[in-house]
Amino acid sequence: MANIPSSPARALMLAALALPGVQAAAETIPEAGSISIDYLHYQDSQPGMDRISVRSPSVHMTMPIAGQWLVELGVVGDHLSGATPRYHTSVSGASRMKDERNGADIRVTRYLGRATVSAGAAYSGENDYHSKALSLAGTLASEDRNTTGGFAIGVSNDVISPVTLAVVGERRHAFEWMATLEQVLTRTDVVKADLSRSRGRGYYSDPYKFVDNRPRERDITSVLLRWNHAFNDGSALRSSYRWYTDTFGIRAHTLGTEWEKPLAGGWSVTPAVRLYSQSKADFYFDPVYDSTFGPPFPPGYVFGTKTFMTADQRMAAFGAATFGLKVAYAFGDGWNVHVKAERYRQTAGLRWSGGGSPGLARYDAQTWQLGISKQWQ
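Residues numbered from 1 in each chain as written. Predicted model: local features only at pLDDT ≥ 70, side-chain atom pairs only at ≥ 80, totals over all residues. Heavy atoms only, no water.

This part is about the overall build of the chain. Scanning the chain from terminus to terminus reveals one helix and 18 strands. Classification of the 377 residues of the chain by burial places 44% in the buried group. Here the chain has roughly 18,900 Å² of accessible surface; of this, 60% comes from carbon and sulfur atoms. (Helix = DSSP H or I, 4+ residues; strand = E, 2+ residues; numbered from the N terminus. Buried < 20%, exposed > 50% of the residue type's maximum accessible area, 1.4 Å probe, protein only. Areas by Shrake-Rupley, 256 points an atom, 1.4 Å probe, with all protein chains shown as cover.)

The sheet contact formed by strand β8 (residues 170-184) and strand β9 (residues 189-202) spans 13 bridges and is antiparallel. Opposite Q183, over in β9, you have V191 as the bridge partner. Between the end of β8 and the start of β9, which pair antiparallel, lie four residues. In this structure, β9 lies alongside strand β10 (residues 217-230), joined through 13 bridges in antiparallel fashion. (Pairing = 2+ DSSP bridges.)

Once that is clear, we can look at the pattern of salt bridges. Any two side chains of opposite charge can pair, on the condition that their charged atoms come close. Counted under the stated rule, the structure contains 19 salt bridges. E170 is paired through a salt bridge with R216; the nearest N and O atoms lie 3.0 Å apart. In this pair, E170 sits in strand β8 while R216 sits in the loop between β9 and β10, placing the two residues 46 residues apart along the sequence. Judged by relative accessible area, E170 falls into the partly exposed class, the value being 21%. Assessed through its relative accessible area of 44%, R216 is described here as partly exposed. (Salt bridge = Lys/Arg side-chain N within 4 Å of Asp/Glu carboxyl O.)

Moving on to the environment of E72. By the secondary structure assignment, E72 is in strand β3 (residues 69-83). Residues E72 and S34, spaced 38 residues apart in sequence, show a C-alpha to C-alpha distance of 9.6 Å. Leaving out residues up to four positions away in the same chain, E72 has contacts with H60, M61, T62, D105, I106, R107 and T109. (Contact = heavy atoms within 4.5 Å.)

A surface patch of nonpolar side chains, amounting to about 680 Å² of accessible area, comprises L112, V117, L134, L136, F151, I153, V155 and F175. By residue number, the principal contributor to the nonpolar patch is strand β7 (residues 147-160), which donates three residues. The residue L136 is located in strand β6 (residues 129-141) in this model. (Patch = residues over 30% accessible without salt bridge, like charges linked within 9 Å, V, L, I, M, F, W, Y side chains within 5 Å.)

Along the chain, T116 falls in strand β5 (residues 115-126). Residues T116 and A137 lie 21 residues apart in sequence; the distance between their C-alpha atoms is 8.1 Å. Side chain to side chain, T116 and T139 meet in a polar contact 2.6 Å long. (Polar contact = N/O pair within 3.5 Å; in protein donor to acceptor, adjacent residues only side chain to side chain.)

Even without being a glycine, R145 presents a positive backbone phi close to 65°. Counting through the fold element by element, R145 comes out in the loop between β6 and β7. One non-glycine residue, D333, lies in positive phi territory at about 60°. Its location among the elements puts D333 in the loop between β16 (318-332) and β17 (335-347).

Relative to the helices and strands, S279 resides in the loop between β13 (267-278) and β14 (288-289). With a relative accessible area of 14%, S279 lands in the buried category. A polar atom in the side chain of S279 sits 3.5 Å from the backbone oxygen of G249. Reaching out from S279, the side chain makes a polar contact with the backbone nitrogen of R251 at a distance of 2.9 Å. Contacts of S279, omitting those with residues within four sequence positions, involve G249, I250, R251, A316, A317 and R351.

The geometry of two aromatic rings is summed up by the distance between their centres and the angle between their planes. Counted under the stated rule, the structure contains seven aromatic pairs. On the numbers, 5.9 Å between centres and 80° between planes, the contact of Y204 with F248 is edge-to-face. Placement of Y204 in the loop between β9 and β10 and of F248 in the loop between β11 (236-246) and β12 (251-262) is noted, with a sequence separation of 44 residues between them. Considering the side-chain rings of Y329 and F331, the 4.8 Å spacing of their centres and the 85° angle between planes classify their relative orientation as edge-to-face. Chaining the aromatic ring pairs together yields one cluster made of Y204, F248 and F283. We note R172 situated over the ring of Y204; from NZ or CZ to the ring centre the distance is 4.8 Å. (Phe/Tyr/Trp six-rings, centres within 6.5 Å; stacked < 30°, edge-to-face > 60°. Lys NZ or Arg CZ within 6 Å of the ring centre and 35° of its normal.)

The next point concerns the pairing of β5. One ladder, built from twelve bridges, connects β5 with β6; its direction is antiparallel. Considered in β6, the bridge of A119 is made with L136. What sits between the antiparallel neighbours β5 and β6 is a turn of two residues.

With that settled, the discussion passes to the confidence of the model for the chain. Here the chain averages 85 in pLDDT, while 84% of its residues score no lower than 70. Looking at the elements of the chain, mean pLDDT is at its lowest for helix α1 (residues 8-13), recorded as 28, and at its highest for β13, recorded as 98. A low-confidence stretch, residues 1-25 (pLDDT under 50), is modelled with 79 contacts involving residues beyond four sequence positions or located in other chains. (pLDDT = per-residue confidence, 0-100.)

Our next topic: the side chain of S277. Its location among the elements puts S277 in strand β13. On the accessibility criterion, S277 (4% relative accessible area) is buried. A polar contact of 3.1 Å, which involves the side chain of S277, links it to the backbone nitrogen of W352. Non-local contacts of S277, meaning those with residues more than four positions away in its chain, are made with R251, A252, H253, F318, G319, R351 and W352.

Encoded structure:
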């Protein structure tokens, strides 16, 4: 399961592999500690075929210490089973698989009046993929606390050991930095901008796919803009736009919005919508199928060639839409419970401009999440 290129659905399963803590922290330490326990169930499918199912319990804890320190701990365990992805629409290439991934992370933050400094570490391991990451971040607020800037750096080291003779003990290293700026505009409006840059070197191909050879360098740049607006009835609208580009040739746009609405009796609901669109990688090809062998071949393919190429549809041009709803209830005395459901659909026709890559199978995913949390003084 290692080294599959990231997609919105796949990110749900591999979130702990990302660099930990590359974001600005608040300048005020939480007054209460907390613990949250969540259970996530994920299922994706393609026409006529249920694919991967994931069961993922997790625990997260925050502990303020001496009014100046905050310690955050998290553990997660993913249990995956099902069929591996199709190469493309007309070729299944699917095989049954099972895997488990366990991950843990820790972050320690020191509060210094208007500033914070934090350091974090994370580990994630599964049968054929192991990742370690470190991060360091800091923030500084203006005297009136209306403007906050932040900067963070992170490094990761991944070891890829697929169950195949073609690839043995490959590695990948990445260095990432992020700069943030948050501005309070009014009593009800806050905006934030994040600029991030990642430089990766090492193995990026998919060892489980036939005819898949990708560059060993990948640089990523993204800009995330967010706007939060509070209403007089206590509800809040959170909107975001993300622009993404990388040296594989992919350009992507993501629009997201959610509206948190408190109800009577401690209830609240949060509907959410997210729209996504991307162009294809420079080395993605629309496959030509062989009636005997089946796997997708690029036009004019010569066996053994080292040319960069992939038929992985996550490297194709497509669009996607996610619709979600979260329902939460506050019991009092610091106890809260929530249920969240999301539905994701990916097709070539949902791409925002121009046509998507031809011949792509529709891809669907649904996620259910149940969580309970407790705060204490």
